[in-house]
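Remarks on the overall topology
Listed below, chain by chain, are the residues.
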Amino acid sequence: MKKRILIVDDEKNIRTTLNYCLLSEGYEIDFAVNGEEAIEILIQKEKKYDLILLDIKMPGINGMEVLRRLRACKNNTEIIMMTAYGSIKEAVEAIKLNAVDFIGKPFTPTQIKELIKKVFSREELKEKENCSFEELIELAKLYITNGNLEKSKEILEKAVSKNVNSPETYNLLGVIAESVGNTENAQKQYRASLAFNPSYEPAICNLERVTNAGESKDFNLG
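In this text, all values refer to a predicted model and were calculated from it rather than measured experimentally.

So, the packing of helix α6 (residues 133-145) against helix α7 (residues 149-162)
Interhelical geometry of α6 versus α7 gives an angle of 165° and a closest axis separation of 8 Å. With respect to their mutual orientation, α6 and α7 come out roughly antiparallel. Crossing geometry of α6 relative to α7 is assigned as left-handed. Contacts between α6 and α7 involve F133, L136, I137, L139, A140, Y143 and I144 on the former and, on the latter, L149, K151, S152, I155, L156, K158, A159 and K162. Partitioned by chemical class, the residues of the contact of α6 with α7 number 11 nonpolar, one polar and three charged.

Focus: the packing of aromatic side chains
In this structure the tally under the stated criterion is two aromatic pairs. Taking 5.8 Å as the distance between ring centres and 50° as the angle between the ring planes, the aromatic pair formed by Y27 and F120 counts as tilted. In this pair, Y27 is assigned in the loop between α1 (12-23) and β2 (28-32) and F120 in helix α5 (residues 109-125), connecting sequence segments 93 residues apart. A relative accessible area of 10% places Y27 in the buried class. For K3, the ring lying beneath its charged end belongs to F120, and the centroid distance is 5.0 Å.

Describing the pattern of salt bridges
Within the structure shown, the criterion is met by 13 salt bridges. Between E11 and K105 there is a salt bridge, and its shortest N-O distance comes to 3.3 Å. Here E11, found in the loop between β1 (4-8) and α1, pairs with K105, found in the loop between β5 (101-104) and α5; they are 94 residues apart in sequence, far enough to count as distant. Overall, the relative accessible area of 31% leaves E11 in the partly exposed class. Connected through salt bridges with shared partners, the residues D9, E11, D55 and K105 form a single ionic network.

Some remarks on the sheet that holds β1
Taking strand neighbours across the sheet as the criterion, the five strands line up as β2-β1-β3-β4-β5 in an open arrangement whose pairing is parallel. Looking at which strands have only one partner, the edges of the open sheet turn out to be β2 and β5. Each strand of the sheet is rotated relative to its neighbour by a mean of 20°, with strand direction disregarded. Bridge count for strand β4 (residues 78-83) against β5 is four bridges, and the pairing is parallel. Counted as the bridge partner of T83 is G104 from β5.

Some points on helix α10 (residues 201-211)
For α10, the set of buried residues is P202, A203, N206, L207, R209 and V210. Burial along α10 is one-sided: seen end-on, the buried residues are contained in an arc of 165°.

Looking at the environment of Q187
Structurally, Q187 can be placed in helix α9 (residues 183-196). For Q187 and N171, which are 16 residues apart along the polypeptide, the C-alpha to C-alpha distance reads 9.5 Å. Among residues more than four places away in sequence, those in contact with Q187 are L207, V210 and T211.

Rules of the game
- Residues numbered from 1 in each chain as written.
- Predicted model: local features only at pLDDT ≥ 70, side-chain atom pairs only at ≥ 80, totals over all residues.
- Heavy atoms only, no water.
- Axes fitted to C-alpha atoms, helices over the stretch in contact; angles between N-to-C directions.
- Helix = DSSP H or I, 4+ residues; strand = E, 2+ residues; numbered from the N terminus.
- Parallel < 35°, antiparallel > 145°, perpendicular 65-115°, else oblique.
- Left-handed = near helix turned anticlockwise from the far one by under 90°.
- Contact = heavy atoms within 4.5 Å.
- Nonpolar A, V, L, I, M, F, W, Y, C, P; charged D, E, K, R; others polar.
- Phe/Tyr/Trp six-rings, centres within 6.5 Å; stacked < 30°, edge-to-face > 60°.
- Buried < 20%, exposed > 50% of the residue type's maximum accessible area, 1.4 Å probe, protein only.
- Lys NZ or Arg CZ within 6 Å of the ring centre and 35° of its normal.
- Salt bridge = Lys/Arg side-chain N within 4 Å of Asp/Glu carboxyl O.
- Pairing = 2+ DSSP bridges.
- Arc of directions from axis to C-beta.

Okay, here's the thing in structure tokens:
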């Protein structure tokens, strides 16, 4: 069966771009032009989707409020937050509310298609016993975004045993530390990530943000 995706964004060009690139991947696409319409579709009409692409910054009811209301109604649909303006406070809250991932604007069609494929594939990884390093990383991201930080940490320890030199692992350990308020350990993990790859952008972004707490940037899971 085709996967159903709801796009929630007040920008027409974003909706048009996403519709064009995702229809070509065989997904069924619906739209909401603002938070109010998204709530009507998802809560009042109880329409079901496999994934929601949700913009954080919208006039009226913003994306964070839509996310809060959905979780309050026990709607556990996987959600990718889209933002060019998000803050660390919003990122932490979104993770606690089980947002499955983030993508920053502007993004390319290739980037969003690859992210969606990863999100849909993560659920399948739960059933595998012998995951590759790459699969362990994706599984760790799944547990982070589902709020199960202890399980994610356990998965990342397995990932380290398979590849001790990967910057991805330490970056995710930094995200976990930061999520529980341990900024000192988060900085340590981000720096460890950069020690293995000084140009690894997710760790650069995360270290810059946690070092300059007033700057408004999201967690970067990589």
